[in-house]
Amino acid sequence: MLRSVVLIAALTLAAPALSAQCGNTASGYNAWKAAFAKEAAQAGVGNRGLAALAGTSYAQRTIAADRNQKSFKYSLSKFMQIRGADTIVAQGRKRKARDAGFYASLEKKYGVPPGVIIAIHGMETGFGNFMGDSNVVSSISTLAYDCRRSEFFTGHALAALKLVDRGIISPNSIGAKHGELGHTQFLPGNVLKYGQDGNGDGRIDLNNLADALASTANFLKGKGWKRGVGYQEGQPNFTVIKQWNAAGVYQKAIAIMGGKIDR
């Protein structure tokens, strides 16, 4: 009997701690936050990141936006009309011509042609005209707590806290409602993995245009972009564009706009 008790106690001590429990309303967020802080510390998040987590609040606007992504259900032509594809192409061509040397340097380093990067920039933030109005750490933490896609966003929430630790973002950094950052709306985990210092100032700042576009090119390269190979639907690099956004209409729109800009 004593041996059984000892064995049970040993197994209990060896078992991993229960993970933070997701929820679908604000009522469980603070309890989740306390549990997630322990997980974050175990994952290597330091004091600054943990303090940022402690300061978060449940982002109701983020949840509302996550439940209401209607535009991805449109046909391709309707989606491109709503997202202003003709304007993006027209402005994109001007940007490519104006900063030809910069875009050529990105293509030389990463292998990604200007049109794709410019199309993503235009689609994501209207070329930097609107980069979000939500607290990044609160938004991404709320999505990690929310049961709908907790598994996907948990890694990004940990990454956001590590970005705070490293001084790449602050607890007050502003981004999109799903926690995306900067000119091309990088999720925190992608900043951590693919972020680049595009302007050579020694730091990564996705609100800086050069850093954001270099990071975007590096993301596509890291996902398998093949230099000099086509990226329209059915061509090898289209599978890489799929890694940027899961919505089929978005993927096709980027390829079509990019092709028009590059022509």
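Residues numbered from 1 in each chain as written. Predicted model: local features only at pLDDT ≥ 70, side-chain atom pairs only at ≥ 80, totals over all residues. Heavy atoms only, no water.

In the nomenclature of an unreviewed UniProt entry, the chain corresponds to Lytic murein transglycosylase from the organism Litoreibacter janthinus.

Enquirer: Please explain the domain arrangement of the chain as it appears in this structure.
Expert: Reports often express the size of an interface as the amount of accessible area lost when the parts come together. We note that the domain assignment places domain 1 (43-67 + 131-187) and domain 2 (76-130 + 194-200 + 208-262) within the chain. Put simply, the middle of domain 1 and the middle of domain 2, counted by C-alpha atoms, are 24 Å apart. Contact residues are listed per partner, giving 8 residues for domain 1 and 17 residues for domain 2. Summing both partners gives a buried area of about 890 Å² for domain 1 against domain 2, and 70% of it is carried by carbon and sulfur. When the buried surface of domain 1 facing domain 2 is broken down by residue, His-183, Thr-184 and Phe-186 rank first, second and third, together holding 69% of it. The tally of links between domain 1 and domain 2 comes to 0 salt bridges. (Domains from an automatic or database assignment. Contact = heavy atoms within 4.5 Å. Buried area = accessible area lost by both parts, 1.4 Å probe. Salt bridge = Lys/Arg side-chain N within 4 Å of Asp/Glu carboxyl O.)

Enquirer: Looking at this model, I keep getting lost on the state of the cysteines. Mind explaining?
Expert: Scanning the model with the defined rule gives 1 disulfide in all. Through a disulfide, Cys-22 is tied to Cys-147; the S-S separation comes to 2.1 Å. Residues Cys-22 and Cys-147 share a disulfide whose torsion about the S-S bond is about 95°; that sign makes it right-handed. Remark: Cys-147 occurs in the loop between helix H9 (136-145) and helix H10 (150-166) and Cys-22 occurs in the loop between helix H1 (2-14) and helix H2 (29-42); sequence separation between them is 125 residues. (Disulfide = S-S within 2.5 Å. Helix = DSSP H or I, 4+ residues; strand = E, 2+ residues; numbered from the N terminus.)

Enquirer: Just to check I follow, could you spell out the nonpolar core for this structure?
Expert: One broad trend across soluble globular proteins is that nonpolar side chains are buried collectively. Ranked by internal contacts, the top residues of the largest apolar core, which has 67 residues, are Ile-254 and Met-257. Counting the residues that make up this core, at least three belong to each of domain 1 (43-67 + 131-187) and domain 2 (76-130 + 194-200 + 208-262). (Core = buried A, V, L, I, M, F, W, Y, C linked by side-chain atoms within 4.5 Å. Buried < 20%, exposed > 50% of the residue type's maximum accessible area, 1.4 Å probe, protein only.)

Enquirer: Would you explain the packing of aromatic side chains in this entry?
Expert: Here a ring pair, both rings aromatic, is described through the centre-centre distance and the interplanar angle of the planes. Considering all chains together, one arrives at 14 aromatic pairs under this definition. Both rings, one in Tyr-29 and one in Tyr-145, keep their centres 5.5 Å apart while their planes meet at 80°; by these two values the pair is edge-to-face. Taken together, the positions of Tyr-29 in helix H2 and Tyr-145 in helix H9 put the pair 116 residues apart, joining distant regions of the chain. Judged by its relative accessible area of 1%, Tyr-29 is buried. With relative accessibility at 2%, the residue Tyr-145 sits in the buried group. Note on Phe-152 and Phe-153: the rings are 4.8 Å apart at their centroids and 85° apart in plane angle, and the pair reads as edge-to-face. Among the aromatic residues, those joined into a ring-pair cluster are Tyr-29, Trp-32, Phe-36, Tyr-58 and Tyr-145. (Phe/Tyr/Trp six-rings, centres within 6.5 Å; stacked < 30°, edge-to-face > 60°.)

Enquirer: I tried to follow the environment of Asn-24 on my own but got confused; where do I start?
Expert: Tracing the chain through its elements places Asn-24 in the loop between H1 and H2. When near neighbours in sequence (up to four residues on either side) are disregarded, Asn-24 contacts Tyr-58, Arg-67, Tyr-145, Asp-146, Cys-147 and Arg-148.

Enquirer: Help me out: how do you make sense of the environment of Lys-109 in this one?
Expert: Locating Lys-109 in the fold gives a position in helix H7 (residues 100-110). Expressed as a C-alpha distance, the spacing of Lys-109 and Ala-217, which sit 108 residues apart in the sequence, is 8.8 Å. Filtering out sequence-adjacent residues up to four positions away, Lys-109 remains in contact with Gln-196, Lys-221 and Arg-227. A polar side-chain atom of Lys-109 sits 3.5 Å from a polar atom in the side chain of Tyr-110. (Polar contact = N/O pair within 3.5 Å; in protein donor to acceptor, adjacent residues only side chain to side chain.)

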